[in-house]
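Structure at a glance
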Amino acid sequence: MGRSPDKDQRLHWDETYKMEDFFGPKASLFAEKSLEIFKNEGIEVLLELGCGQGRDTWLFARNGISVYAMDYSDQGICQMREKAREHGLDKLITLKVRDVRRGIPLPNDSIDAIYSHMFFNMEFLENEMSMIFQECLRVLRPGGLNIYSVRSENDPHYQKFTHLDEDMYQNPMGFAVHFFTEEKIERLADGFLIDSITEFEDPDPPFTKMLYDVVLRKPMQ
Ligand SMILES: C[S@@+](CC[C@H](N)C(=O)[O-])C[C@H]1O[C@@H](n2cnc3c(N)ncnc32)[C@H](O)[C@@H]1O
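Below is a short write-up of the structure. (Residues numbered from 1 in each chain as written. Predicted model: local features only at pLDDT ≥ 70, side-chain atom pairs only at ≥ 80, totals over all residues. Heavy atoms only, no water.)

**What about the state of the cysteines?**
Selection rule: In this description, the term disulfide denotes a pair of cysteine sulfurs within 2.5 Å.
Applying the stated criterion across every chain yields a total of zero disulfides. The thiol of C136 is not disulfide-bonded; the next cysteine sulfur, from C51, is found 14 Å away.

**Brief notes about the packing of helix α2 (residues 29-40) against helix α3 (residues 55-62)**
Worth spelling out the cut-off: Lines fitted to C-alpha atoms define the axes here, with helix axes fitted over just the stretch in contact, and angles between the N-to-C directions of these axes take values from 0 to 180 degrees. Counting from the N terminus, the helices are DSSP H or I runs at least four residues long and the strands are E runs at least two residues long. Under this scheme an angle from 65 to 115 degrees is roughly perpendicular, one under 35 degrees roughly parallel, and one over 145 degrees roughly antiparallel; angles in between are oblique. Here is the rule for handedness: rotate from the far helix to the near one, and if that takes an anticlockwise turn smaller than a right angle the crossing is left-handed, while a clockwise turn gives right-handed. Whether two residues are in contact is decided by their heavy atoms: any pair within 4.5 Å suffices. Residues were grouped as follows: Ala, Val, Leu, Ile, Met, Phe, Trp, Tyr, Cys and Pro as nonpolar; Asp, Glu, Lys and Arg as charged; and all remaining residues, including Gly, as polar.
For the pair α2 and α3, interaxial distance at closest approach is 10 Å and the crossing angle is 30°. Viewed along their axes, α2 and α3 adopt a mutual orientation that is roughly parallel. Judged by the sense of rotation from one axis to the other, the crossing of α2 with α3 is right-handed. Contacts from A31, E32, L35 and F38 of α2 reach α3 at D56, L59 and F60. For the contact of α2 with α3, a count of residues per class yields five nonpolar, no polar and two charged.

**A short note on the site of the ligand**
The cut-off we apply is this: Near is defined per residue: the residue qualifies when any heavy atom it owns lies within 4 Å of the molecule or strand. For the purposes of these results, a polar contact is taken to be a pair of N or O atoms within 3.5 Å, where, inside protein, one atom must be able to donate a hydrogen and its partner to accept one; residues adjacent in sequence count only when each atom of the pair is a side-chain atom.
Inspection of the region around the ligand gives 19 residues, with Y17, G50, R55, D71 and D99 positioned closest. Here a nitrogen atom of the ligand and a backbone polar atom of H117 are 2.9 Å apart. Residues that form the shell around the ligand fall into these classes: 10 nonpolar, four polar and five charged.

**Details of the sheet that holds strand β7 (residues 168-170)**
The condition is simple: Two strands pair under a simple rule: DSSP has to find at least two bridges between them.
Taken together, the three strands give an open sheet; going across it, the order is β6-β7-β8, and neighbouring strands pair in antiparallel fashion. Each of the sheet's edge strands pairs with one partner strand only, and the pair in question is β6 (162-165) and β8 (176-178). On average, each strand axis in the sheet is tilted by 35° relative to the strand beside it, whichever way the strands run. In this structure, β6 lies alongside β7, joined through three bridges in antiparallel fashion. Residue pairing in the sheet places D165 in a bridge with M168 of β7.

Structure (C-alpha cells):
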C-alpha cells in the first residue's frame, strides 16, 4: 500500500474550481482534434469522463453532439449546470456528479464514443483503471470509440516531487498524477482495438505537459 496524497483529491478539485476557467477559457487542442474524428465517424451521443468545468463539453455540444458529462466535483458540475442553461445548451448536455470508480450508470451498448482529457491519469491505481476501461467497453456500442489523453512518462513532472504509489506522484499543487507508458496503455486496452497512440505537447495552463493521445475502438463483435 502506497502513500495517500496530502489532500482529499475530490475536495481539492472542488476548491480549485472556485477559480473560473482553471484550465483556460477555450476548449483544449485535444478536444478540437477529437471533434474532427467524431464528425468523420458521425458520433451523436458522447460520454465525457472527468469533464471538470466543461471547457471541452461546450465545444462538443455546440457542434450538435449530445453529451453525458460526469465528474466527481460538485463545484465543477454546479457551475456547468448554470452555464449550460445560460447558453441554451441544457437540452444537449446531461450532467452527473459521479465518482467513476463506482461504475458508469448507463446501459450496455448505449454510447457512440467516450472522451476524456487528463482524466485517467488522476488518483487511480492500475486495477481501478482496468475496471473503468471495462465499464467503458460495456457502455459503448460495437464500433464505438474511447478517445483519451493521459500524462506520459516523458512529461517533465514524471518521477518528480512526492511518490505516492505505482507511477503516481503528488505535484506541488497537491494533485496526484499517474503517468503512463505505451505498455500500460496497451495493457489497459484489453478487449479494445487500438486505432492509434500518439504523443503531443499540451501548452494549456497551468503548465506545459506531455500527453499521450489514445484512440481505442470497441470491436464490432
Ligand atoms: C486534470 S482534470 C481535467 C478536467 C477536464 N477534462 C479538462 O481538461 O478541463 C481531471 C478531472 O477529473 C475529475 N476526477 C478525478 N477523479 C475522478 C473520479 N474518480 N471520478 C470522477 N471524476 C474524477 C476531477 O474532478 C477533474 O475535474
